[in-house]
Amino acid sequence: VTAQQSELIKNSIKSIPDYPKPGILFRDVTSLLEAPVAYATSIEMLANRFRDTGVTKVVGTEARGFLFGAPVALALGVDFVPVRKPGKLPRPTISESYELEYGTDSLEIHTDAINAGDKVLVIDDLLATGGTIEATVKLIRRLGGDVTDAAFIINLFDLGGEQRLNNLGINCYSLVN
Ligand code: PRP
Ligand code: ADE
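The shown structure was predicted, so the numbers you read here are calculated from the model rather than taken from an experiment. Every residue gets a number counted from 1 within its own chain, in the order that chain's sequence is written. Chains and ligands are labelled sequentially in the order written, the chains with letters from A and the ligands with numbers from 1. Totals for whole chains, interfaces and linings use all residues, but because this is a predicted model, local features are given only for residues with pLDDT of at least 70 and pairs of side-chain atoms are given and counted only at 80 or more. Water and hydrogen atoms were dropped before computing side-chain values, which therefore reflect all heavy atoms in the structure.

**Focus on the nonpolar core**
Definition in use: Only buried residues count toward a nonpolar core. Its members are Ala, Val, Leu, Ile, Met, Phe, Trp, Tyr and Cys residues joined through side-chain atoms within 4.5 Å. Summary of the burial criterion: residues with accessible area below 20% of their type's maximum are buried, those above 50% are exposed, and those between are partly exposed, where the area comes from a 1.4 Å probe applied to protein chains only. Each helix is a run of H or I in the DSSP string that is no shorter than four residues. Each strand is a run of E no shorter than two, and both are numbered from the N terminus. Note on contacts: a residue pair qualifies if any of its non-hydrogen atoms lie within 4.5 Å across the two residues.
The biggest cluster of nonpolar side chains holds 28 residues, and the ones touching the most others in it are Leu46, Val58, Ile123, Ile153 and Leu175. Looking at this core, the elements that each hand over two or more residues are α3 (36-50), α4 (64-76), β7 (119-127), β8 (146-155) and β9 (171-176). Sort the elements by how many residues they give to this core and α3 lands first, with six residues. Excluding anything up to four places from it in sequence, Val58 contacts Gly69, Ala73, Leu76, Val78, Asp79, Phe80, Val81, Leu121 and Ile123.

Below, the structure written as structure tokens:
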């Protein structure tokens, strides 16, 4: 990522104080979606980083992870697999609970969506505490998937998510810190 590309993406992300709770500075990627050159650049940067690395599937986490994971999967020519909030996926699922910067929830994946030996890349819009991606990685590993990398548009580096994921054997790649 060049400094210029990182700036283009950074400048398109609006910051909203005290949303959804006092003390949270919300980094709003919907403003990146409204800037097509910056949005396309973000997808291209992620796809270029992981092209020819042997990735067989991209997993994205509801909801904002879909906005980046699915276009990157298409660009790489591999499957996109959604990880969703409870009760949304129609086929048999497994589930993991996790804590969020502002609450707790659980996540589910289709049991048949990952095969043993799949090399899986996880994509989300933003890394905060890392709880969402820790739960996502556990789901993929329970199904026999090999996951060593997670990619984000934004890393809120002061919340320690990168270290938490590194401790699980996950390398983090982000476009903006
Ligand atoms: C946000 C964001 C990440 C997660 C990051 O999603 O899109 O998925 O929080 O936080 P963490 O690193 O502390 O887990 P949110 O759960 O708000 O759901 P949404 O995408 O459906 O809005
Ligand atoms: N998800 C968790 N923390 C967030 C933040 N500060 N901004 C946007 N999304 C988030």
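**Here's the deal with the site of ligand 1**
Test applied: When we say a residue is near a molecule or strand, we mean one of its heavy atoms is within 4 Å of it. Counting of polar contacts relies on pairs of N or O atoms within 3.5 Å, with two restrictions inside protein: one atom must be capable of donating a hydrogen and the other of accepting it, and residues adjacent in sequence are counted only when both atoms are side-chain atoms.
Close contacts around ligand 1 come from 15 residues, with Asp124, Asp125, Thr129, Gly130 and Thr132 the closest. At 2.5 Å from an oxygen atom of ligand 1 is found a side-chain nitrogen or oxygen belonging to Thr129. Note that an oxygen atom of ligand 1 is positioned 2.8 Å from one of the backbone N or O atoms of Gly130. Of all elements in the fold, only β7 and α5 (131-142) reach the threshold of two or more residues within the shell around ligand 1.

**Some details on the sheet that holds β9**
Put simply, the rule is: If DSSP finds at least two bridges between two strands, the strands pair. Only the contacting stretch of a helix is used when fitting its axis, a line to C-alpha atoms as for every element, and angles between N-to-C directions run 0 to 180 degrees.
Pairing is parallel across the open sheet formed by five strands, whose spatial order is β4-β3-β7-β8-β9. In the strand order of this sheet, the two ends are held by β4 (79-83) and β9, each with one partner. This sheet shows a mean twist of 25° between the axes of neighbouring strands, independent of strand direction. Pairing between β7 and β8: eight bridges, direction parallel.

**A closer look at the packing of aromatic side chains**
Note the following rule: We call Phe, Tyr and Trp rings a pair once their centres come within 6.5 Å, taking the six-membered ring for Trp, and we label the pair stacked below 30 degrees between planes, edge-to-face above 60, and tilted otherwise.
A full pass over the atoms with the stated rule returns four aromatic pairs. Ring centres of Tyr39 and Phe68 lie 5.7 Å apart, and the angle between their planes is 75°; this geometry places the pair in the edge-to-face category. One end of the pair, Tyr39, is in helix α3; the other, Phe68, is in helix α4, and 29 residues separate them in sequence. Its relative accessible area of 22% is what places Tyr39 among the partly exposed residues. You can call Phe68 buried: its relative accessible area is 0%. Look at Phe66 and Phe80: their rings are 6.0 Å apart centre to centre, the planes differ by 85°, and that puts the pair in the edge-to-face class. On the criterion of sequence distance, the pair formed by Phe66 in helix α4 and Phe80 in strand β4 is long-range, its members being 14 residues apart.

**A short note on unusual backbone geometry**
Here the residue pair Tyr19 and Pro20 is connected by a cis peptide bond, since its omega of -5° sits within 30 degrees of zero. Mapping Pro20 onto the fold places it in the loop between β1 (14-17) and β2 (25-28). The omega torsion of the bond from Glu62 to Ala63 falls at -10°, within 30 degrees of zero and hence cis. Locating Ala63 in the fold gives a position in the loop between β3 (57-61) and α4.

**Things to note about the pattern of salt bridges**
The condition that has to hold: By definition, a salt bridge exists where a carboxyl oxygen of Asp or Glu is found within 4 Å of a side-chain nitrogen of Lys or Arg.
All told, the structure shown has seven salt bridges when counted by the stated rule. One salt bridge in this structure joins Arg84 and Glu62, with 3.0 Å as the shortest N-O distance. Of this pair, Arg84 sits in the loop between β4 and β5 (93-100) while Glu62 sits in the loop between β3 and α4, placing them 22 residues apart in sequence. What makes Arg84 partly exposed here is its relative accessible area of 22%. In this structure, Arg142 and Glu96 form a salt bridge, with 3.0 Å as the shortest nitrogen-oxygen distance. Taken together, the positions of Arg142 in helix α5 and Glu96 in strand β5 put the pair 46 residues apart, joining distant regions of the chain. Given the relative accessible area of 16%, Glu96 is considered buried.

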